[in-house]
Amino acid sequence: MFKVGLTGGIGSGKSLVADIFSRLGVPVYISDVKAKELMNSNAELIRALKQEFGNDIYNGTELNRKALADIIFNDEQKLNRVNKFVHPIVRNDFNSWTEKHSDAKYIINESAIVFSSGLHQALDKVICVISPLELRINRVVKRDDTDKESVEKIASQQLSDEERKEKSDFILYNNEEELLVPQIIKLHQTLIQLAL
Ligand code: ATP
């Protein structure tokens, strides 16, 4: 199976691009959504997180996101511990999901952390969505009803666009100057050829 990663900084337009690929018939695995689902449904993961951070981070089998966020807030070591539990479970889930889509020409895994999680090593190609920071901030402020500073902080903790560009195989520009959909359709044709 030909596997393609889809990444980009906060608010770059990954979800929008993923949705367009999905409308073109490409199966898309949204890592962030799946990770959240698995934290509420995977018994092994629930057990490990409770053991590490205490039973109070769950209300029954439902993750208390606020409690976990409070624990890992500004604590990189604890965040790394969470990732150490979550990433392998998500990776296994992605592998099983991929097997279920063996009839597809290629599949996409959308994740903000394709490179920092090491996922890129299991992928054939990576697409990166690039948007100017100012535009990304404005879009996320509007989407999440948050403030500029919070978005800037998250952006500053992510890879820079320069680093992402260098590591990626394909770039999609979502910048209000170049039309996005034609870029995606062209790339879709290229990926179908590569996957043959
Ligand atoms: P995050 O990293 O936070 O998950 P993302 O990279 O998935 O963000 P999106 O959610 O796809 O980004 O886009 C951010 C916001 O900007 C959304 O509300 C989306 O609808 C809007 N948006 C993205 N691209 C465009 C565009 N070309 N035109 C209009 N709105 C856009």
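Everything quoted here is computed from the prediction, not taken from an experiment.

Describe the domain arrangement of the protein chain, naming the residues involved and giving the relevant values.
Per the domain assignment, the segments making up the protein chain are domain 1 (1-27 + 106-196) and domain 2 (32-100). Centre-to-centre separation of domain 1 and domain 2, based on C-alpha positions: 23 Å. Contacts between the two partners involve 13 residues from domain 1 and, on the opposite side, 7 residues from domain 2. A buried area of about 740 Å², summed over both sides, lies between domain 1 and domain 2, and 64% of it is on carbon and sulfur atoms. Here domain 1 is connected to domain 2 by 0 salt bridges.

Any chance you could break down the packing of helix α3 (residues 43-53) against helix α5 (residues 76-100) for me, citing the residues and the numbers?
Closest axis-to-axis distance for the α3/α5 pair is 10 Å, and the angle between their directions is 165°. The angle between the axes of α3 and α5 places the two elements in the roughly antiparallel class. Crossing handedness for the pair α3 and α5: right-handed. Across from Glu44, Leu45, Ala48, Leu49, Glu52 and Phe53 in α3, the residues of α5 making contact are Lys78, Arg81, Val82, Phe85, Val86 and Ile89. Among the residues making up the contact of α3 with α5, the classes are represented as 8 nonpolar, no polar and 4 charged.

Explain the nonpolar core to me, and be specific about the residues and the numbers.
Grouped together as the largest cluster of nonpolar side chains are 28 residues, with contacts concentrated most on Met39, Leu45, Leu49 and Ile57. With 7 residues, the single largest contributor to this core is α5. Ala18, Tyr106, Ile184 and Leu191 belong to the second largest nonpolar core, which has 20 residues in total.

Could you give me a rundown of the site of the ligand, with the residues and numbers involved?
Every residue lining the ligand is accounted for by Gly9, Ile10, Gly11, Ser12, Gly13, Lys14, Ser15, Leu16, Arg139, Arg143 and Asn174. Here an oxygen atom of the ligand and a backbone polar atom of Gly13 are 3.0 Å apart. At a separation of 3.0 Å, an oxygen atom of the ligand approaches a polar backbone atom of Leu16. For the ligand, whose accessible area on its own is 620 Å², the fraction buried by protein is 68%. Every element with two or more residues in the shell around the ligand is listed here: α1 (14-23) and α6 (133-144). In terms of residue class, the shell around the ligand is built from 2 nonpolar, 6 polar and 3 charged.

Could you give an account of the pairing of strand β6 (residues 125-130), with specific residues and numbers?
Judged by how many residues are buried, β6 sits mostly within the fold: 5 of 6 residues are covered. Examined bridge by bridge, strand β1 (residues 3-8) and β6 share 5 bridges and lie parallel to one another. The partner of Gly8 across the bridge, within β6, is Val129. As paired elements, β6 and strand β7 (residues 170-173) share 4 bridges and run parallel to each other. The residue bridging Val129 from the neighbouring strand is Leu172, located in β7.

Here is what the cut-offs are and how they apply
- Residues numbered from 1 in each chain as written.
- Predicted model: local features only at pLDDT ≥ 70, side-chain atom pairs only at ≥ 80, totals over all residues.
- Heavy atoms only, no water.
- Domains from an automatic or database assignment.
- Contact = heavy atoms within 4.5 Å.
- Buried area = accessible area lost by both parts, 1.4 Å probe.
- Salt bridge = Lys/Arg side-chain N within 4 Å of Asp/Glu carboxyl O.
- Axes fitted to C-alpha atoms, helices over the stretch in contact; angles between N-to-C directions.
- Helix = DSSP H or I, 4+ residues; strand = E, 2+ residues; numbered from the N terminus.
- Parallel < 35°, antiparallel > 145°, perpendicular 65-115°, else oblique.
- Left-handed = near helix turned anticlockwise from the far one by under 90°.
- Nonpolar A, V, L, I, M, F, W, Y, C, P; charged D, E, K, R; others polar.
- Core = buried A, V, L, I, M, F, W, Y, C linked by side-chain atoms within 4.5 Å.
- Buried < 20%, exposed > 50% of the residue type's maximum accessible area, 1.4 Å probe, protein only.
- Near = heavy atom within 4 Å.
- Polar contact = N/O pair within 3.5 Å; in protein donor to acceptor, adjacent residues only side chain to side chain.
- Areas by Shrake-Rupley, 256 points an atom, 1.4 Å probe, with all protein chains shown as cover.
- Pairing = 2+ DSSP bridges.

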